[in-house]
Amino acid sequence: MQENKKDIKKILLNYSVYLVLILLLLFFSIKTPMFLSKGNISNFFRQIPSVGILTIAYAMILITGHVDLSIASIAALSGTAAAYLAIKGLNPALVILIALVLGAIMGFINAFLITQFKLPSFILTLGTNYAYRGLVMYLTDGIYVTGVPQWFSKISQTNIIGNIIYSNTLIFIILSIVFAFILNNTDFGRKCYAVGSNSEAARLSGIRVNQHTIKVFILEGVAAAIAGILMMSILNVGGPNEGQGLDLLAMAAAILGGTQFSGGVGSIGGALVGILTLQIFNNGLAVLGVNAFMQQLVTGLIIIVAMIVDYFRKKSEANN
């Protein structure tokens, strides 16, 4: 009997987010017909890609045993730079390449400082978060960069399927598949789990932990840059102040989806379910006309719940 209770508790902890997602869909669908309207579904799919890409990148960082509080600022700086360069008339391919390189450089800076000076990633990236955001705010005087060419807006806003699925959603889906494949089917992915589980054991087994950590942060920086480009493309501006708070939202979504804060455990699929749950919740509240400040309060409470669930998951595994 005791074993059955433990099994039920484990199942609830591991799959609670799936149950919550289903209940939210049912609740909002019954509560208001607007929730399943074509317009709202289209809006949902257009809004989720940027934070969704940040979430899958964050899941990879957490699995490797690190935290990155600067990921949203990397997205803002890279995306705003892309918008600025597009306005200056640079070739589209060159604009995107420069933005991706910027993201990679910022990711490298984070990883270099963490690995070379043995700094906690939480504290280090808190500092670089302010530095990257401060830099883009300084360069733009905190003012939106306007006048982007048509091709830039089409990166996110090209209709793919029935005015519901747009190009940014397609890019998000492709990146999700790529990240899932990398973590599940490559040597790079196996090293992420090994380093996140026990970095010293990984080092003794022959893994170059520092080099791998740098690669992970560079890849995350590139993903953040893509998210930033899509974010600015759908807004039709370069927004230096955009994306604030998305780093914590992405972290909460990954943890809700089963990724452990301490590293070594998690999946891209679970992270996707986590961000879908959070975004459906926020979207449903907006459709119901709930005050935006109340939405922020509830989102904060969900982040706290995510950390508590993570604690009980680890405690359950330790008892087993």
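Residues numbered from 1 in each chain as written. Predicted model: local features only at pLDDT ≥ 70, side-chain atom pairs only at ≥ 80, totals over all residues. Heavy atoms only, no water.

Where an unreviewed UniProt entry is consulted, the protein chain appears under the name Branched-chain amino acid ABC transporter, permease protein, with the organism given as Anaerococcus prevotii ACS-065-V-Col13. What the UniProt record of the protein chain gives under Subcellular location (unreviewed entry) is the line "Cell membrane". (UniProt positions renumbered as here; feature names shortened; annotations may be inferred.)

We now examine the environment of Leu235. Locating Leu235 in the fold gives a position in helix H10 (residues 209–235). Linking Leu235 and Ser267, residues 32 residues apart in sequence, is a C-alpha distance of 30 Å. (Helix = DSSP H or I, 4+ residues; strand = E, 2+ residues; numbered from the N terminus.)

Once that is clear, we can look at the environment of Tyr144. Note that Tyr144 resides in the loop between helix H5 (121–140) and helix H6 (150–157). In this structure Tyr144 comes out as partly exposed when scored by relative accessible area, which is 42%. Counting along the chain gives 77 residues from Tyr144 to Gly221, while the straight-line C-alpha distance between them is 22 Å. At a separation of 2.5 Å, a polar atom in the side chain of Tyr144 contacts the side chain of Glu242. (Buried < 20%, exposed > 50% of the residue type's maximum accessible area, 1.4 Å probe, protein only. Polar contact = N/O pair within 3.5 Å; in protein donor to acceptor, adjacent residues only side chain to side chain.)

We now examine the packing of helix H2 (residues 38–63) against helix H12 (residues 268–287). Axis separation between H2 and H12 bottoms out at 9 Å; the angle between their running directions is 140°. Between H2 and H12, the angle falls in the class oblique. The way H2 lies across H12 gives a crossing that is right-handed. Contact with H2, carried on its side by Asn40, Asn43, Phe44, Ile48, Val51, Gly52, Thr55, Ile56 and Ala59, involves Ile268, Ala271, Leu272, Ile275, Leu276, Gln279, Ile280, Asn283 and Val287 of H12 and no other residues of that element. Among the residues making up the contact of H2 with H12, the classes are represented as 12 nonpolar, six polar and no charged. (Axes fitted to C-alpha atoms, helices over the stretch in contact; angles between N-to-C directions. Parallel < 35°, antiparallel > 145°, perpendicular 65-115°, else oblique. Left-handed = near helix turned anticlockwise from the far one by under 90°. Contact = heavy atoms within 4.5 Å. Nonpolar A, V, L, I, M, F, W, Y, C, P; charged D, E, K, R; others polar.)

Here, UniProt's "transmembrane region" (unreviewed entry) annotation points to residues 12–32, 44–62, 69–87, 93–114, 164–183, 216–237, 249–278 and 285–309. In residues 44–62, helix accounts for 100% and strand for 0%; the two terminal C-alpha atoms are 26 Å from one another. Along residues 69–87, the helical share is 89% and the strand share 0%, with 29 Å between the first and last C-alpha atoms.

Peptide bonds are trans in most cases, and residues, glycine excluded, mostly fall at negative phi. For Lys118, which is not a glycine, the phi torsion comes out positive at approximately 55°. Within the secondary structure, Lys118 is located in the loop between helix H4 (92–116) and H5. Residue classification places Lys118 among the exposed positions, given a relative accessible area of 62%. The backbone of Asp141 sits at a positive phi, close to 60°, despite the residue not being glycine. Checked against the element boundaries, Asp141 lands in the loop between H5 and H6.

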